[in-house]
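# Architecture at a glance
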Amino acid sequence: MTLSNRVLKGSVVPPRLPDPRSGLVLDTHELSRRAGQLLEVTRVAEAPADLGIEVIGVPPGSPVDLDLRLESVVEGVLVTGTAVVRLRGVCARCLDEISDTEEIDLQELFCYPGKELDDAEAMHVEGELIDLEPVLRDAVVLDLPFTPLCRPDCAGLCPTCGANLNEDPAHSHDEPIDPRWADLKGWNEPTNETKDKE
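This section reports on the structure supplied with the text. What you see is a predicted model; the values in this text were computed from it and never measured. (Residues numbered from 1 in each chain as written. Predicted model: local features only at pLDDT ≥ 70, side-chain atom pairs only at ≥ 80, totals over all residues. Heavy atoms only, no water.)

## Re a nonpolar patch on the surface
On the surface, a cluster of nonpolar side chains totalling about 230 Å² of accessible area is made up of Val 90, Leu 95 and Leu 157. Following the sequence through the fold, Val 90 ends up in strand 8 (residues 76–90). (Patch = residues over 30% accessible without salt bridge, like charges linked within 9 Å, V, L, I, M, F, W, Y side chains within 5 Å. Areas by Shrake-Rupley, 256 points an atom, 1.4 Å probe, with all protein chains shown as cover. Salt bridge = Lys/Arg side-chain N within 4 Å of Asp/Glu carboxyl O. Helix = DSSP H or I, 4+ residues; strand = E, 2+ residues; numbered from the N terminus.)

Below, the structure written as structure tokens:
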């Protein structure tokens, strides 16, 4: 069952169309459903919420620079291009803030109604609109590092006191005493009684 023919208690429910005011929604009207037509789109859109993982992601509302090529093919509209996003997060080793930009490659076929592929997860043209948000979300999340680092040789934090080892590479602590032998710590040091005997 496709979005265009959902049935609810005997009545056909029209699909929920993407919001044309969103910068991530593209209008394909100029392609006129003729194979071979081409449309180039360059725009800046706002990043949607929850575009990332727990430790790094794209801040909501930050600019997403889109440089896209829409090609009309027999099955639908092929979208290819790039999206440049701003990343913000924390280093997995030292917990310093990270900010960077990333260029993400995008490629997706949006099928016309009635031209659906056998793929249940295929994207669709809704009316004459294409919603890039799910495609962008998948591409960004898959491209993010699982353990982001502020730099490749990040030394992290001291496991004893939490000091940033990048700021003080010579940081060290005295060798800890095994608690099982802690009572013997002072056995070799002279006490007051032994000093008096001498």
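## Points about helix 1 (residues 133–143)
Within helix 1, burial applies to Val 135, Leu 136, Ala 139 and Val 140. Down the axis of helix 1, the buried set is contained in an arc of 120 degrees. They therefore lie on one face. Summarising the geometry of helix 1, the exposed residues directed more than 90 degrees from the buried face are Asp 138 and Leu 142. Those residues of helix 1 that are buried are in contact with strand 5 (51–52), strand 6 (56–58), strand 7 (63–72), strand 8, strand 9 (97–111) and strand 10 (123–124). (Buried < 20%, exposed > 50% of the residue type's maximum accessible area, 1.4 Å probe, protein only. Arc of directions from axis to C-beta. Contact = heavy atoms within 4.5 Å.)

## Focus on the nonpolar core
Counting 32 residues, the largest nonpolar core has Leu 66, Leu 68, Leu 70, Leu 106, Ile 130 and Leu 132 as its most contacted members. Looking at this core, the elements that each hand over two or more residues are strand 4 (38–46), strand 6, strand 7, strand 8, strand 9 and helix 1. Excluding residues within four positions of it along the chain, Leu 68 makes contact with Leu 26, Leu 39, Glu 40, Val 41, Val 79, Thr 80, Gly 81, Thr 82, Leu 106 and Leu 132. (Core = buried A, V, L, I, M, F, W, Y, C linked by side-chain atoms within 4.5 Å.)

## Concerning the side chain of Thr 80
Mapped onto the elements of the fold, Thr 80 is located in strand 8. For Thr 80, a relative accessible area of 19% translates into the label buried.

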